[in-house]
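# Summary of the model geometry
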Amino acid sequence: MPSMKAIKRRRLTVKNISQITKAMNLVATSKLQRARANKTAIGIPVQATFDIVYNTVKDEAAKEQPFVKPREVKTTAYVLITSNRGLCGGYNSNACKALAAHAKESGDSLIVPIGTKGRDYFKRRKANVLDVPPPQETPSFAEAKAVADRLTAMYEAGEVDEVYLVYTQFFTVLSLEPIVRKVLPLDPDYLRKVVGADLKDGEAWQDLGFFKKPEPKPSAGVQDIEFDSGLENVLRSVIPWYLSMFLYAAMASAALCEQAARMTSMDSATKNAGEIIEKLTLMFNRQRQSIITQEITEIVSGANALQ
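Cut-offs and rules
Residues numbered from 1 in each chain as written. Predicted model: local features only at pLDDT ≥ 70, side-chain atom pairs only at ≥ 80, totals over all residues. Heavy atoms only, no water. Pairing = 2+ DSSP bridges. Helix = DSSP H or I, 4+ residues; strand = E, 2+ residues; numbered from the N terminus. Axes fitted to C-alpha atoms, helices over the stretch in contact; angles between N-to-C directions. Contact = heavy atoms within 4.5 Å. Patch = residues over 30% accessible without salt bridge, like charges linked within 9 Å, V, L, I, M, F, W, Y side chains within 5 Å. Areas by Shrake-Rupley, 256 points an atom, 1.4 Å probe, with all protein chains shown as cover. Salt bridge = Lys/Arg side-chain N within 4 Å of Asp/Glu carboxyl O. 1 Å grid on protein atoms, 1.4 Å probe; cavity = no way out; pocket = protein on both sides within 12 Å on 5 of 7 lines; lining within 4 Å. Points joined across faces, edges and corners; volume = space filled by probe spheres on them. Left-handed = near helix turned anticlockwise from the far one by under 90°. Nonpolar A, V, L, I, M, F, W, Y, C, P; charged D, E, K, R; others polar. Expected span 1.5 Å × (residues − 1). Buried < 20%, exposed > 50% of the residue type's maximum accessible area, 1.4 Å probe, protein only. Arc of directions from axis to C-beta. Core = buried A, V, L, I, M, F, W, Y, C linked by side-chain atoms within 4.5 Å. Disulfide = S-S within 2.5 Å. Phe/Tyr/Trp six-rings, centres within 6.5 Å; stacked < 30°, edge-to-face > 60°.

## Overview of the sheet that holds strand β2 (residues 108-114)
- The four strands lie next to each other as β2-β1-β3-β4, forming an open sheet whose pairing is mixed. Unpaired on one side and paired on the other, β2 and β4 (175-184) mark the two borders of the sheet. Each strand axis lies, on average, 25 degrees off the axis of its neighbour in the sheet, ignoring direction.
- Here strand β3 (residues 162-172) runs beside β4; their pairing, made up of nine bridges, is antiparallel. Looking across to β4, one finds that T168 is bridged to P178.
- Of the strands in this sheet, β1 (75-81), β2, β3 and β4 are in contact with helix α7 (residues 231-306), which crosses β3 at around 40 degrees.

Okay, structure coming up:
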């Protein structure tokens, strides 16, 4: 059994750790509120962006355009959104595992990590990783646009044939789910389910975690849309904006999930530290009681021996 000095030293160490985890829990709680507000604020513009893109690509002529027409897949790009720091439970590892499971079904993969944890995870596994500057703690549209422009150029140049986005969707503080969504080439049927327009019987709305389910609108019938500068030119302008907004919204969702995971993890760590302190205190008291009992027994035995 460890000595009383060792028990006391360990108890003090655990107490200091519990104070740190409690402080981190409070900080994560504060940041969670800001991240939630940020995610809510971008919901309307993201929804409008998806509406515009769907109304553009649902035209029959759009199916033959470069960003919409499927092609032979040789290289698949995965944009992985993780955090730059740890101490957030399984948040980062769950997203990485979701990507790894999906990548097994594809051919050559290129990992585009937004966040150092995902980058390090796949670099340790000798994956093909594209170097991207780590993002700031608070997502910015400029960072999302830089990655989106790079992906658009790579797709047009034929360096990648598919683009998937891997991020974590927020349901509740205790319910976070990593999801994989295809962003290029565009699928008009999938976009129709995302915007909740013209859903057929048996079709479910595809929740991306960015905005609430749209209210059903009365159908206005088939309308012919004319593009003054040509459909291809319109797509070249719309697609980078669509990718930028999609990435920005996913980064906002991931930031919210990161703070929720860290808050939950630090709260659990604080409770575990409290339980350890209680056990160490009980062990310390038992050790002290044992020593006192032994000393009393020795005194009584010595006194009896002198009689």
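Anyway, onward from the coordinates.
## Some details on a nonpolar patch on the surface
- There is a patch of nonpolar side chains on the surface, built from I292, I296 and V300 and spanning about 240 Å² of accessible area.
- Locating I296 in the fold gives a position in helix α7.

## Some remarks on the layout of surface pockets
- Considering only enclosed or pocket space, the second largest pocket measures out at about 280 Å³ in volume.
- Together, 14 residues line the second largest pocket, and K39, G209, F210, F211 and K212 are the ones closest to its centre.
- Among the elements of the structure, α1 (4-41), α2 (43-57) and β3 are those that each provide at least two residues to the lining of the second largest pocket.
- No other element matches α1, which puts three residues into the lining of the second largest pocket.

## Regarding the packing of α2 against helix α6 (residues 188-195)
- One can describe the packing of α2 onto α6 by two numbers: an axis separation of 9 Å at closest approach and a directional angle of 145 degrees. In this structure, α2 meets α6 at a crossing whose hand is left-handed. Of the residues in α6, those touching α2 at F50, D51, V53, Y54 and V57 are P188, L191, R192, V194 and V195.
- Class assignment for the residues of the contact of α2 with α6 results in eight nonpolar, no polar and two charged.

## A look at helix α5 (residues 141-156)
- In this model, α5 (16 residues) spans 22 Å end to end at C-alpha, consistent with the 22 Å of a helix rising 1.5 Å per residue.
- Taken together, the buried positions of α5 are occupied by E143, A144, V147, A148, L151, T152, M154 and Y155. In an axial view of α5, the angular spread of the buried residues amounts to 165 degrees, which keeps them on one side of the axis.
- Check the buried side of α5 and you find it contacts β1, β2, β3, β4 and α7.
- Phi turns positive one or two residues past the end of α5, at G158, with a value near 80 degrees.

## Some details on α1
- Its 38 residues place the ends of α1 56 Å apart at the C-alpha level, agreeing with the 56 Å of an ideal helix rising 1.5 Å per residue.
- All buried positions along α1 are accounted for by I7, V14, S18, T21, N25, A28, L32, A35 and K39.
- Buried residues along α1 sit against α2 and α7.

## Re the nonpolar core
- Among the nonpolar cores identified, the biggest contains 65 residues, and F50, L165, Y167, L186, F210 and F246 are the most heavily contacted of them.
- In terms of residues, this core owes the most to one element, α7, which gives 21 residues.
- Y78, L99, Y164 and V180 belong to the second largest nonpolar core, which has 13 residues in total.

## Comments concerning the state of the cysteines
- Overall, the coordinates contain zero disulfides when judged by the stated rule.
- Between C96, a cysteine without a disulfide, and C88, which holds the nearest cysteine sulfur, the sulfur-to-sulfur distance is 11 Å.
- For the unlinked cysteine C257, the closest cysteine sulfur is that of C88, found at 11 Å.
- By relative accessible area, C257 is classed as buried at 0%.

## Focus: the environment of L306
- Mapped onto the elements of the fold, L306 is located in helix α7.
- The exposed category is assigned to L306, whose relative accessible area is 77%.
- Placed 286 residues apart in sequence, L306 and I20 show a C-alpha to C-alpha distance of 56 Å.

## Some details on the packing of aromatic side chains
- Across all of its chains, the model carries 11 aromatic pairs by this definition.
- Ring centres 5.0 Å apart and planes at 70 degrees place the aromatic pair Y121 and F122 in the edge-to-face group.
- Summarising the aromatic geometry, the rings of F141 and Y248 are spaced 5.9 Å apart at their centres and angled 85 degrees between planes, so their arrangement reads as edge-to-face. Taken together, the positions of F141 in helix α5 and Y248 in helix α7 put the pair 107 residues apart, joining distant regions of the chain.

## What to know about empty space enclosed by the protein
- Taken as a whole, this structure holds one cavity of 30 Å³ or more when the rule is applied.
- Of the voids in this model, the largest cavity is the one considered here, and its volume is about 50 Å³.
- Surrounding the largest cavity, V79, L151, V163, Y164, L165, V183, L243, F246 and L247 form its lining.
- Counting residues per element, the ones that place at least two in the lining of the largest cavity are β3 and α7.
- Looking at side-chain class alone, the lining of the largest cavity contains nine nonpolar, no polar and no charged residues.

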